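Here is what each chain is made of, one letter per residue.
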Amino acid sequence: MSSSRTNTDFNNQVAVITGGSSGLGLAISKALLDCGAYVAILDLQICSELENHPHVLFQSIDITQEEKLREIINVVWRKFERIDILINSAGITGITNLKSHETSSENIRKVFDVNFMGCYLASKHVLPFMLKNNYGRILHIASIAGKEGNAGMLAYSSSKAAVIGMTKVQGKEYAETGVTINALAPAVVQTHMVDMMPPEQVRYMTDKIPMKRCGTLEEIANLALYIVSSKNSFTTGFTFDLSGGRATY
Ligand SMILES: NC(=O)c1ccc[n+]([C@@H]2O[C@H](COP(=O)([O-])OP(=O)(O)OC[C@H]3O[C@@H](n4cnc5c(N)ncnc54)[C@H](O)[C@@H]3O)[C@@H](O)[C@H]2O)c1
């Protein structure tokens, strides 16, 4: 990841990033830190790379636990007295490579709990603080699976479609407040999450990318930083594409 970022927009801004210890969330956290932001990472696991960074506040949490999540967001607010950015990157695929009749309702509920409820709960509890400051940028990390529907990934694709639906609702609800809410729908980026999936399921997804390659963490961070910057001031409720040409809408 380049450390030559100079976007002064983020200097002293405060970002809450769920799932910031790995993959996309970690790449975005590092990019924001390079630009002078303070980053509160809310994750199940500690990221050793950023653990001792002076601008990082690490909070160990399962984001599906609403009361603890609310408390932690209050801790962040009390420490910094501002929350400019929320990025919801925590997510799981659940069990994949199964047809709908082979899935379990337990797995569907678990994936919805993390992917949809996690985004909902974090935004619900951060929004009041953003509204106080008449400014905020929320980014939900959705997926191309939510737009297109990946066969074999019922729980994941449907939960991400729900996140895209919520983004449209929230964009309209807060359109006049200075708070924008957008989503990002990447195709495949090689991370721990993808490493854990059955190879045939990963092949199914990568074969559909017209550019015939995966996205990179650098590309994720570049677009994410634009979305959560003050420059992105007339776009809300929108799902940005990052799929190498797979989604053209
Ligand atoms: N990697 C891809 O190809 C890809 C493509 C499209 C969308 N996405 C989305 O991007 C986001 C990040 O994925 P990634 O590839 O970086 O995965 P990752 O596994 O590398 O990182 C996910 C992080 O979320 C954390 N997490 C999971 N469940 C949690 C919970 N209940 N509470 C708190 N933290 C939790 C994990 O500990 C981990 O640090 C996910 O929402 C994923 O669906 C990824």
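Source: prediction; values computed, not measured. (Residues numbered from 1 in each chain as written. Predicted model: local features only at pLDDT ≥ 70, side-chain atom pairs only at ≥ 80, totals over all residues. Heavy atoms only, no water.)

S.K.: Would you take a moment to explain the site of the ligand for this structure?
M.R.: Neighbouring residues of the ligand: 28 residues in total, closest Ser22, Asp43, Tyr156, Val189 and Thr191. Contact distances for the ligand include 3.0 Å between a nitrogen atom and a backbone N or O atom of Ile63. In this structure, Thr191 approaches the ligand through a side-chain N or O atom, which is 2.5 Å from an oxygen atom. When the ligand sits alone it has 820 Å² of accessible area, and the protein chains cover 94% of it. The site holding the ligand turns out to be the largest pocket. Among the elements of the structure, helix H1 (23-34), helix H5 (154-173) and helix H6 (192-195) are those that each provide at least two residues to the shell around the ligand. Per element, the largest residue contribution to the shell around the ligand is three residues, and it comes from H6. (Near = heavy atom within 4 Å. Polar contact = N/O pair within 3.5 Å; in protein donor to acceptor, adjacent residues only side chain to side chain. Areas by Shrake-Rupley, 256 points an atom, 1.4 Å probe, with all protein chains shown as cover. 1 Å grid on protein atoms, 1.4 Å probe; cavity = no way out; pocket = protein on both sides within 12 Å on 5 of 7 lines; lining within 4 Å. Sits in = over half its atoms within 2 Å of the grid points. Helix = DSSP H or I, 4+ residues; strand = E, 2+ residues; numbered from the N terminus.)

S.K.: Would you mind going over H1 with me for this structure?
M.R.: Three or four residues apart is the spacing at which side chains of an α-helix point the same way, because the helix has 3.6 residues per turn. Over its twelve residues, H1 runs 17 Å from end to end, which matches the ideal 16 Å to within 8%, given 1.5 Å per residue. With ten of its twelve residues buried, H1 lies for the most part within the structure. Burial in H1 covers these residues: Gly23, Leu24, Gly25, Leu26, Ala27, Ile28, Ser29, Ala31, Leu32 and Leu33. Just downstream of H1 lies Gly36, where phi reads positive at about 90°. (Expected span 1.5 Å × (residues − 1). Buried < 20%, exposed > 50% of the residue type's maximum accessible area, 1.4 Å probe, protein only.)

S.K.: In this structure, what is going on with the sheet that holds strand E6 (residues 179-186)? I would like to understand it.
M.R.: Paired through their backbone hydrogen bonds, the strands of a sheet run either parallel or antiparallel. If you trace the seven strands from one edge of the open sheet to the other, you get E3-E2-E1-E4-E5-E6-E7, paired in parallel fashion. The open sheet is flanked by strand E3 (56-60) and strand E7 (239-242), the only strands paired with a single partner. If you compare each strand with its neighbour and ignore which way they point, the axes differ by 15° on average. Bridge count for strand E4 (residues 85-88) against strand E5 (residues 136-141) is four bridges, and the pairing is parallel. The partner of Ile87 across the bridge, within E5, is Leu139. In this fold helix H2 (residues 66-80) packs onto strand E1 (14-18), strand E2 (38-43) and E3, with an angle of close to 160° to the strand it touches most, E3. In the packing of helix H3 (residues 105-132) onto the sheet, the strands contacted are E1, E4, E5 and E6, and the crossing angle to E4 comes to about 180°. (Pairing = 2+ DSSP bridges. Axes fitted to C-alpha atoms, helices over the stretch in contact; angles between N-to-C directions. Contact = heavy atoms within 4.5 Å.)

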